Structure formats: structure tokens, C-alpha cells
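Remarks on the overall topology
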Amino acid sequence: MKITFGRATLWILFLLAWPSSLLAQQGTADRNVILRRDPSTSSPILEHLAKGVRVTLVDASPDSGFYHVKTEDDQIGWVFAKYIIVSPPPINPVPPENPVTPPPTTPGACDPNLWKHVYHSSRLIVRQQCIEVTGTIVDATANEQVKRPDGVRHEADGDTHGWLRVDPEFQNLLNAGNMSDEDGNLVFEIVCRFPVKQKDAQAACQGYTDNVQLPKVGSRVRIVGSYVQDTFHAKWNEIHPVTSITVIQ
């Protein structure tokens, strides 16, 4: 396993922390509320939040009567807006002087600029900012109604949903969600790979062209990218965004 850290990594970590810790509005539940996966009363329940709990608004504008929020334990979901008392917006902080400009991406390093094109990045918990993982690409559409020749699901937000059968030394990267919902595979997402069908995801891919090579199913590869946990769905772990995929066998 190779993990790449440096000044660019520290800067992107600051950028990722900036919205929630400094700019995002806070809210307080004025009664017991339900945190749901999607903005709908029929959506699965993620957590029951007690009266007085504080949340961070991912988006200050309600959607279908729900606020998109993050809890203090990093759960991302939706709650009834009418039950949240929103605090006044914070005063914009002064950005640090002489911010570090990320250097050009080098082979084997992650490209921090890709985070600008990640749809709803706030739903992802970053476990390792940059990691190299080896394994074999398997067909993530084998059990789907729509099977794809490239072996990846074409998500509405334009990303791939691919599967990597990791080598034995990387088994610790898998969690219960990977085992139950992803057939024991590590998910990898190449951002903005396909036409974006989801309207609210179009801005993230605007003006960006993906250049990541996607090898055929059965290839043994090295994937470089950020190792994260998706707080939606079954909360599986994934490489998202992917910086590069290299065939090694």
C-alpha cells in the first residue's frame, strides 16, 4: 500500500473541511426528528435524532420540505426543514495568506483538482486522501438488468460504479456494505465519465473531460485515488474520485 501526503494534500484537506467548519450554516432540532436517506417520508430511516441535536446544512435551501444535513457523527441525510431552527449564517472567514497551489500531478499521485467535479462530495467521509490499491476488475453489471460491455454501471451523475476484486493485502479496505451490497468488491468511481442525466449533478461536470483509462473486465490493475466511505446506501467503501488506473498484468 502506498499513501501519498504532502503540501497539496494538506491544502485539499483544508478545502474539504472549509465548508462544514467555517462556511456552512448550522441548525438545531426543535423536537425529535428522523434522518432519512432521501428527501421523502418513504425513504429509509438512517437515524433518529433527539431534540436539541445540532446539524450542519449541506445546502441552505430546502428540497421538497427537507434540509440536506450532516450530523455531528458524520451521518449525511435529510430531515424535515420545519423541525430545524437554522442559525444565522457565519461571517465569511478570511482565507489563509499565500495558499499553497497544488503542483502538477505526477505518476502515482492523486489529483486534488478532481474534487471540484465530485457530485455531493459532502456525503463522502475521506479515510485516506490518496491511496494505491491493486486487484482485478470484475463485472459490476453481471447481476443487473442492464449489462454493460465495459463492466461498470453508468450512474445518473455521470460517474462509473465499478468493482475491484482487491488483492489479499487490501482486504482490510472492505466493510460490511462492500460485502452485503457490492459482492465483496471495492467500488471505484471515475467522475464525469458518462453523460450526466441528473440535473443537480451537471454543474460538477461542466467543462471537465475525463481522461482516466478504463481497462477491460478481468484486467489486473493498480488504481490510484481517494479512499472514502459513502454515507448513502449501504455505506460501503470506495475509491472516489479515481485519478488513474494502470494495467499491471
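Overview of the structure.

What counts, and where the lines are drawn
Residues numbered from 1 in each chain as written. Predicted model: local features only at pLDDT ≥ 70, side-chain atom pairs only at ≥ 80, totals over all residues. Heavy atoms only, no water. Salt bridge = Lys/Arg side-chain N within 4 Å of Asp/Glu carboxyl O. Phe/Tyr/Trp six-rings, centres within 6.5 Å; stacked < 30°, edge-to-face > 60°. Buried < 20%, exposed > 50% of the residue type's maximum accessible area, 1.4 Å probe, protein only. Lys NZ or Arg CZ within 6 Å of the ring centre and 35° of its normal. Helix = DSSP H or I, 4+ residues; strand = E, 2+ residues; numbered from the N terminus. Lys, Arg positive; Asp, Glu negative; His and termini not counted. Polar contact = N/O pair within 3.5 Å; in protein donor to acceptor, adjacent residues only side chain to side chain. Contact = heavy atoms within 4.5 Å.

**Digging into the pattern of salt bridges**
Under the defined criterion, the tally for this structure stands at eight salt bridges. For Glu144, the salt bridge identified is with Arg153, shortest N-O distance 3.7 Å. The network of salt bridges with common partners includes Glu144, Arg153 and Glu182.

**As for the packing of aromatic side chains**
Evaluated as defined, the whole model comprises two aromatic pairs. On the numbers, 5.7 Å between centres and 85° between planes, the contact of Phe80 with Tyr83 is edge-to-face. On the basis of relative accessibility, which here comes to 31%, the residue Phe80 falls in the partly exposed class. A cation over a ring is seen here: Lys82 above Phe80, with NZ or CZ 5.5 Å from the ring centre.

**Details of the side chain of Asp157**
For Asp157, the position within the fold is in the loop between strand 9 (153-154) and strand 10 (160-166). It turns out Asp157 is buried and unbridged, and the closest side chain with the opposite charge, Arg123, is 4.4 Å from it. In this structure the side chain of Asp157 is engaged in a polar contact, spanning 3.1 Å, whose partner is the backbone nitrogen of Asp159. Among residues more than four places away in sequence, those in contact with Asp157 are Tyr119, Arg123, Val196, Gln198, Ala201 and Cys205.

**Observations concerning the environment of Gly218**
Of note, Gly218 is situated in the loop between helix 3 (202-205) and strand 12 (220-230). Judged by relative accessible area, Gly218 falls into the exposed class, the value being 53%. Along the backbone, Gly218 and Thr136 are 82 residues apart, and their C-alpha atoms lie at a distance of 6.0 Å. Beyond its immediate stretch of four places on either side in the chain, Gly218 contacts Thr136 and Ile137.

**Observations concerning unusual backbone geometry**
Cis rather than trans, the peptide bond between His240 and Pro241 has omega equal to 5°. Within the fold, Pro241 resides in strand 13 (residues 237-247). Non-glycine residue Ser64 carries a positive phi angle of around 55°. Among the secondary structure elements, Ser64 is positioned in the loop between strand 4 (54-57) and strand 5 (66-71). Overall, the relative accessible area of 58% leaves Ser64 in the exposed class. Phi is positive for Asp183, which is not a glycine, with a value near 60°. Take Asp183: it is sitting in the loop between helix 2 (176-181) and strand 11 (186-188). Judged by relative accessible area, which is 44%, Asp183 ranks as partly exposed.

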